[in-house]
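Below are the chains, spelled out letter by letter.
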Amino acid sequence: MIKIVLFLIALSTLSFAQVLGDPLVLTQRTFSSKSVDTQNIILTDAQMTQLSQASMQKIDTKLYRIYLAKNGEKTVGYGVLMNKKVRTKTAIALYLIDLGGKIKSIEIVAFNEPIEYLPSKTWLDVFDNKSSANTLKLNQDIPTTTGATLSARAITDGARIALELLEIVKP
């Protein structure tokens, strides 16, 4: 009986496990940079309105963290950390964007929903080389993913916000 209870506790803990990655390391690795600087951005009300309109999303925070991948004094790429609610819990994604404003990759830094709702790496690769010129809408140029529609929507919405944020703040 005790073994069954312990097994059920372990199983329930695993189903809510977090997938973690370090945004600094991921940014540095993606852009093969020597260093990464961190900037905390606080948007003005006007910038929030602009971001909301450009991304076609309701913006609920003024605070964002941007990672600047650098080789010496030269910036070689950006990482934008986005915190989005999926169902009832948060997912944190790092959008890695090159100087041309195109997504190089998306990395899931933390995922507090059950792991089976985590979109696959193959699905995340659909965003590679997408920019704010793309519509980035689910069921249009971004396919849905079976069993993880809410996660897919949160990541897709986050991509539009991350791309537009860089356009607005130009770090």
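A quick note: this is a predicted structure, and the numbers were derived from the prediction, not measured.

Undergrad: Help me understand the packing of aromatic side chains, please; the structure alone is not making it clear to me.
TA: In total, this model carries one aromatic pair according to the counting rule given. When the ring of Trp 123 is compared with that of Phe 127, the centres are 5.2 Å apart and the planes differ by 75°; the resulting orientation is edge-to-face. Owing to a relative accessible area of 6%, Trp 123 belongs among the buried residues under this scheme.

Undergrad: What should I look at first to understand empty space enclosed by the protein in this one?
TA: Rolled over the atoms, a probe with the dimensions of a water molecule shows which regions are left empty. Summed over the entire model, instances satisfying the criterion amount to one cavity of 30 Å³ or more. Considered as a void within the structure, the largest cavity measures approximately 40 Å³ in volume. Lining the largest cavity are Met 82, Lys 84, Ala 91, Ile 92, Ala 93, Tyr 95, Ala 154 and Ile 155. Secondary-structure elements contributing two or more residues to the lining of the largest cavity are β3 (74–85), β4 (90–97) and α5 (149–169). In terms of residue count, the dominant contributor to the lining of the largest cavity is β4 (four residues).

Undergrad: I would appreciate a short explanation of unusual backbone geometry in the present structure.
TA: If a residue is not glycine, its phi is most likely negative; likewise, a peptide bond is most likely trans. You will see that Ser 32, though not glycine, has its phi angle at about 50°, which is positive. Residue position: Ser 32 is located in the loop between α2 (23–31) and β1 (35–42). Judged by relative accessible area, which is 58%, Ser 32 ranks as exposed. At Asn 129, a position not held by glycine, the phi torsion is positive, near 70°. Positionally, Asn 129 belongs in the loop between α4 (121–124) and α5.

Undergrad: What am I meant to see in the nonpolar core here?
TA: One recurring pattern in soluble globular proteins: nonpolar side chains tend to sit buried together. Counting residues in hydrophobic clusters, the biggest one holds 37 residues, and the most contacted among them are Tyr 64, Ile 66, Val 80, Tyr 95 and Phe 127. At the level of elements, α3 (45–55), β2 (63–71), β3, β4, β5 (103–111), α4 and α5 are the ones that each hand at least two residues to this core. No other element matches α5, which puts 11 residues into this core. Among all residues touching Tyr 64, those that are not within four sequence positions of it are Gln 39, Asn 40, Ile 41, Leu 43, Leu 51, Ile 59, Met 82, Ile 161 and Leu 165.

Undergrad: Mind showing me how you'd approach the sheet that holds β2 here?
TA: Taken in spatial order, the five strands line up as β1-β2-β3-β4-β5 in an open sheet, and their pairing is antiparallel. The two strands at the open ends of the sheet, each matched to only one other strand, are β1 and β5. When the angles between neighbouring strand axes are averaged without regard to direction, this sheet yields 25°. Contacts from α2 reach β1, β2, β3, β4 and β5 within the one sheet, and its direction differs from that of β4 by about 25°. Together, β1, β2, β3, β4 and β5 form the strand contacts of α5, whose direction differs from that of β3 by roughly 140°.

Undergrad: Would you explain the pairing of β2 in this entry?
TA: In the sheet, β1 pairs with β2 via eight bridges, with the strands oriented antiparallel. From the neighbouring strand, Asn 40 faces β2, where its bridge partner is Arg 65.

Undergrad: What is the right way to read the pattern of salt bridges from this model?
TA: A pair can form between side chains of opposite charge whenever their charged atoms are brought close. This model, assessed by the stated rule, comprises four salt bridges. Lys 62 serves as the salt-bridge partner of Asp 45, at 2.6 Å between the closest nitrogen and oxygen. Pair noted here: Asp 45 is in helix α3 and Lys 62 is in the loop between α3 and β2, with a separation of 17 residues, a long-range link. Residue Lys 62 is classed as partly exposed on the basis of its relative accessible area, which comes to 34%. When the shortest N-O distance is used, the salt bridge between Lys 170 and Glu 167 registers 3.9 Å. When its relative accessible area of 41% is taken as the criterion, Glu 167 is described as partly exposed.

Cut-offs and rules
Residues numbered from 1 in each chain as written. Predicted model: local features only at pLDDT ≥ 70, side-chain atom pairs only at ≥ 80, totals over all residues. Heavy atoms only, no water. Phe/Tyr/Trp six-rings, centres within 6.5 Å; stacked < 30°, edge-to-face > 60°. Buried < 20%, exposed > 50% of the residue type's maximum accessible area, 1.4 Å probe, protein only. 1 Å grid on protein atoms, 1.4 Å probe; cavity = no way out; pocket = protein on both sides within 12 Å on 5 of 7 lines; lining within 4 Å. Points joined across faces, edges and corners; volume = space filled by probe spheres on them. Helix = DSSP H or I, 4+ residues; strand = E, 2+ residues; numbered from the N terminus. Core = buried A, V, L, I, M, F, W, Y, C linked by side-chain atoms within 4.5 Å. Contact = heavy atoms within 4.5 Å. Pairing = 2+ DSSP bridges. Axes fitted to C-alpha atoms, helices over the stretch in contact; angles between N-to-C directions. Salt bridge = Lys/Arg side-chain N within 4 Å of Asp/Glu carboxyl O.

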